[in-house]
Amino acid sequence: MKVRSSLKSLKTRHRDCKLVRRKGVVYIINKTNPRFKAKQG
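Below is a summary of the structure that appears in this document.

Rules used in this analysis
- Along every chain, residues carry numbers that run from 1 in the direction the sequence is written.
- At least 70 in pLDDT is required for a residue's local features to be given in this predicted model, at least 80 for side-chain atom pairs to be given and counted, and no such filter applies to totals for whole chains, interfaces and linings, which use all residues.
- Think of the side-chain values as coming from all heavy atoms in the structure, minus any hydrogens and water.
- Only buried residues count toward a nonpolar core, which is a set of Ala, Val, Leu, Ile, Met, Phe, Trp, Tyr and Cys residues joined through side-chain atoms within 4.5 Å.
- Each residue's exposure class comes from its accessible area (1.4 Å probe, protein chains only) as a fraction of the maximum for that residue type: buried when under 20%, exposed when over 50%, partly exposed otherwise.
- Every residue pair with non-hydrogen atoms within 4.5 Å of one another is taken to be in contact.
- To qualify as a helix, a DSSP run of H or I must reach at least 4 residues; to qualify as a strand, a run of E must reach at least 2; elements of each kind are numbered from the N terminus.
- Here a strand pair is declared whenever DSSP counts at least two bridges between the two strands.
- Inter-axis angles, ranging from 0 to 180 degrees, are taken between N-to-C directions of lines fitted to C-alpha atoms, where helices are fitted over the stretch in contact.
- Centre distance within 6.5 Å is the pairing criterion for rings of Phe, Tyr and Trp, where only the six-membered ring of Trp is used; planes under 30 degrees apart are then read as stacked, over 60 as edge-to-face, and the remainder as tilted.
- Any Lys NZ or Arg CZ that is within 6 Å of a ring centre and within 35 degrees of that ring's normal is treated as a charge sitting over the ring.

1. Structural notes on the nonpolar core
Thinking step 1. Grouped together as the largest cluster of nonpolar side chains are 7 residues: Leu-7, Leu-10, Cys-17, Val-26, Ile-28, Phe-36 and Ala-38.
Thinking step 2. With near-sequence residues (within four places) excluded, Cys-17 lies in contact with Leu-10, Lys-11, Ile-28, Ile-29, Asn-30 and Phe-36.

Encoded structure:
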């Protein structure tokens, strides 16, 4: 999982990337290709 200050560029890396917010932390999740996971913090 990558940790970035901005997730805008990571969201466009794959068409299945979704932006989720859990407990105040922003995540990028991808069910089909899990290596695109990222979080902001």
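Structure shown, so let's carry the discussion forward.
2. Some details on the environment of Gly-41
Thinking step 1. On the secondary structure map, Gly-41 appears in the segment after strand 4 (38–40).
Thinking step 2. It is 6.6 Å that separates the C-alpha atoms of Gly-41 and Arg-4, two residues lying 37 residues apart in sequence.
Thinking step 3. Excluding residues within four positions of it along the chain, Gly-41 makes contact with Val-3 and Arg-4.

3. Re the environment of Ile-28
Thinking step 1. Mapped onto the elements of the fold, Ile-28 is located in strand 3 (residues 25–29).
Thinking step 2. Measuring from C-alpha to C-alpha, the distance between Ile-28 and Gln-40 comes to 8.6 Å, with 12 residues separating the pair along the chain.
Thinking step 3. Not counting the four nearest positions on each side in its chain, Ile-28 is found in contact with Leu-7, Lys-11, Cys-17, Lys-18, Leu-19, Phe-36, Lys-37 and Ala-38.

4. Some words on the sheet that holds strand 1 (residues 2–4)
Thinking step 1. Here we have 4 strands laid out as an open sheet, ordered 1-4-3-2, and mixed in their pairing. The open sheet has two free edges, formed respectively by strand 1 and strand 2 (18–22), since each of these has just one partner strand. On average, adjacent strands in this sheet sit at an angle of 25° to one another, irrespective of strand direction.

5. Some points on the packing of aromatic side chains
Thinking step 1. All told, the structure shown has 0 aromatic pairs when counted by the stated rule.
Thinking step 2. Between Arg-22 and the ring centre of Tyr-27, over which it is positioned, the NZ or CZ distance is 5.8 Å.
Thinking step 3. Sitting above the plane of the Phe-36 ring, Arg-35 keeps its charged end 5.0 Å from the centroid.

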